[in-house]
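Read off the chains here:
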Amino acid sequence: MTTDLHPRLQALQRQLSPSPLMPIIDSALTAYGVELWIKRDDLLHPIISGNKWRKLKYILNHALFEGADSIVSMGGAYSNHLHALAYVGQLLGLKTAAYVRGECPAQPSETLIDLMSWNMALTFVSRSDYRALRRYKDHDSLPDRLQGAYWLPEGGATELALQGVGELLSEVESDFDVMMVACGTGTTLAGLIRAAAPTCQLIGVAALKGGGFLVDDVQALLGLSAMPAASSWQILQDYHAGGFAKTTPALNQFIVDFRHRHGIALDTVYTGKLLYAAYDLIKQGYFSVGQRILLMHTGGLQGNRGRF
Ligand SMILES: *Cc1c(COP(=O)(O)O)cnc(C)c1O
């Protein structure tokens, strides 16, 4: 399926080139005989990095063609999703607004400071009000929505996001046996499942505790149309390091070592857990000799600021 891109998005698209695909050569893994690669979507753009741009692309396209003049969404004080949305909104001439979980901190996070400088209108809501907002899944479902506003659920988790994620794979020319990605809402995983070759095995790594619901959410995003997609997929539930945005000394150490040895920065929330899981599986002998594994660097490094 091809979708026409709105002229304002075409102008932005022209500034982005395919992100690099790099091998990870690591003497610690030689004994296991697998080939490890990483898709560097963290290098896609200095601000709109990683899967957030992939997910937003066709959502914003829809909003523009619908004639929306503003986008309203929700997220936490370190949200990569809001960060990308606020920035892109400015570039595209769309107003943005967001419900932010919790009270406005006395010392706003770097993320919040950026959101305000890009003129995103922020409304801080209690945790219970925040949870209640999750029930609005469609772009026109928010009850107090203003005329011309387009509602975007948490993390950009809508079916429209899958197409942009699928485009990531059109930049990957060779075949991989396994692809791995960190999961928050599971939308990126769903996009990969839909676009992957049927022989490819997809592994999601839940960044949060109690992520059993992710399987249903991914299935719902895929719908029945996606039945003949990637032959197998699963979501690992044991690499959350204590919960969403939690970390452990072992995970922190892994991230520091990885950066030191490979020059690639990871965040503690998503990509650190992904790489940690991949190394753990390889060392357990989970993969067969000769298998080619692709890890998705989904970006998110802005959220590290002031925290790690
Ligand atoms: C948001 C995010 C994810 C999770 O993406 P989902 O589509 O919500 O599963 C993974 N990695 C990074 C860096 C992110 O910012």
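Structure first, text after, so check above.
Residues numbered from 1 in each chain as written. Predicted model: local features only at pLDDT ≥ 70, side-chain atom pairs only at ≥ 80, totals over all residues. Heavy atoms only, no water.

Some remarks on the sheet that holds strand 6 (residues 149–151)
Alright, step 1. Taken in spatial order, the 4 strands make up an open sheet running 5-4-3-6, and their pairing is parallel. Edge positions in the sheet fall to strand 5 (121–125) and strand 6, since each of these pairs with one other strand and no more. On average, each strand axis in the sheet is inclined to that of its neighbour by 20 degrees, with strand direction left out of account.
Alright, step 2. Note: strand 3 (residues 70–75) against strand 6, 3 bridges, orientation parallel. Pairing of Val72 across the sheet is with Trp151, part of strand 6.
Alright, step 3. Running over the sheet, helix 3 (residues 80–92) touches strand 3 and strand 4 (95–101) and is turned about 165 degrees from strand 3. (Pairing = 2+ DSSP bridges. Helix = DSSP H or I, 4+ residues; strand = E, 2+ residues; numbered from the N terminus. Axes fitted to C-alpha atoms, helices over the stretch in contact; angles between N-to-C directions. Contact = heavy atoms within 4.5 Å.)

Description of the packing of helix 9 (residues 249–262) against helix 10 (residues 271–283)
Alright, step 1. Running from amino to carboxyl end, helix 9 crosses helix 10 at an angle of 85 degrees, the nearest separation of the two axes being 10 Å. Viewed along their axes, helix 9 and helix 10 adopt a mutual orientation that is roughly perpendicular. Residues Ala250, Leu251, Phe254, Ile255, Phe258, Arg261 and His262 of helix 9 pack against Gly272, Lys273, Leu275, Tyr276 and Tyr279 of helix 10.
Alright, step 2. Of the residues assigned to the contact of helix 9 with helix 10, the class counts are 8 nonpolar, 2 polar and 2 charged. (Parallel < 35°, antiparallel > 145°, perpendicular 65-115°, else oblique. Nonpolar A, V, L, I, M, F, W, Y, C, P; charged D, E, K, R; others polar.)

Here we look at helix 6 (residues 161–170)
Alright, step 1. For helix 6, a buried count of 7 out of 10 residues is recorded, marking the element as mostly surrounded by other parts of the structure.
Alright, step 2. Every buried residue of helix 6 is listed here: Ala161, Leu162, Gly164, Val165, Gly166, Leu168 and Leu169. (Buried < 20%, exposed > 50% of the residue type's maximum accessible area, 1.4 Å probe, protein only.)

Let's talk about the packing of helix 6 against helix 7 (residues 187–195)
Alright, step 1. Look at helix 6 against helix 7: their axes get within 8 Å of each other, and the N-to-C directions meet at 60 degrees. Considered as vectors, helix 6 and helix 7 are oriented oblique to each other. Taken as a pair, helix 6 and helix 7 cross one another with a handedness that is right-handed. Of the residues in helix 7, those touching helix 6 at Ala161, Leu162, Val165, Gly166 and Leu169 are Thr187, Thr188, Ala190, Gly191, Leu192, Arg194 and Ala195.
Alright, step 2. The residue makeup of the contact of helix 6 with helix 7, split by class, is 7 nonpolar, 4 polar and 1 charged. (Left-handed = near helix turned anticlockwise from the far one by under 90°.)

Remarks on the nonpolar core
Alright, step 1. Leu9, Trp53, Leu60, Ile71, Leu92 and Met120 are the most contacted members of the largest nonpolar core, which totals 34 residues.
Alright, step 2. Where this core is concerned, the elements lending two or more residues are helix 1 (7–13), helix 2 (50–65), helix 3, strand 4 and helix 4 (110–117).
Alright, step 3. In contact with Leu60, not counting residues within four places along its chain, are Leu9, Ile71, Leu85, Val88, Leu92 and Leu94.
Alright, step 4. Counting residues in each nonpolar core, the second largest holds 32 residues, with Ile203, Leu251, Ile264 and Ala278 among its members. (Core = buried A, V, L, I, M, F, W, Y, C linked by side-chain atoms within 4.5 Å.)

Looking at the site of the ligand
Alright, step 1. The environment of the ligand is formed by 15 residues, the closest being Lys52, Asn80, Thr185, Thr188 and Thr298.
Alright, step 2. One of the backbone N or O atoms of Thr187 is found 3.4 Å from an oxygen atom in the ligand.
Alright, step 3. In isolation the ligand has 380 Å² of accessible area, and contact with the protein removes 98% of it.
Alright, step 4. Elements supplying a minimum of two residues to the shell around the ligand: helix 2, strand 7 (178–183) and helix 7.
Alright, step 5. By residue number, the principal contributor to the shell around the ligand is helix 2, which donates 3 residues.
Alright, step 6. In terms of residue class, the shell around the ligand is made up of 3 nonpolar, 10 polar and 2 charged. (Near = heavy atom within 4 Å. Polar contact = N/O pair within 3.5 Å; in protein donor to acceptor, adjacent residues only side chain to side chain. Areas by Shrake-Rupley, 256 points an atom, 1.4 Å probe, with all protein chains shown as cover.)

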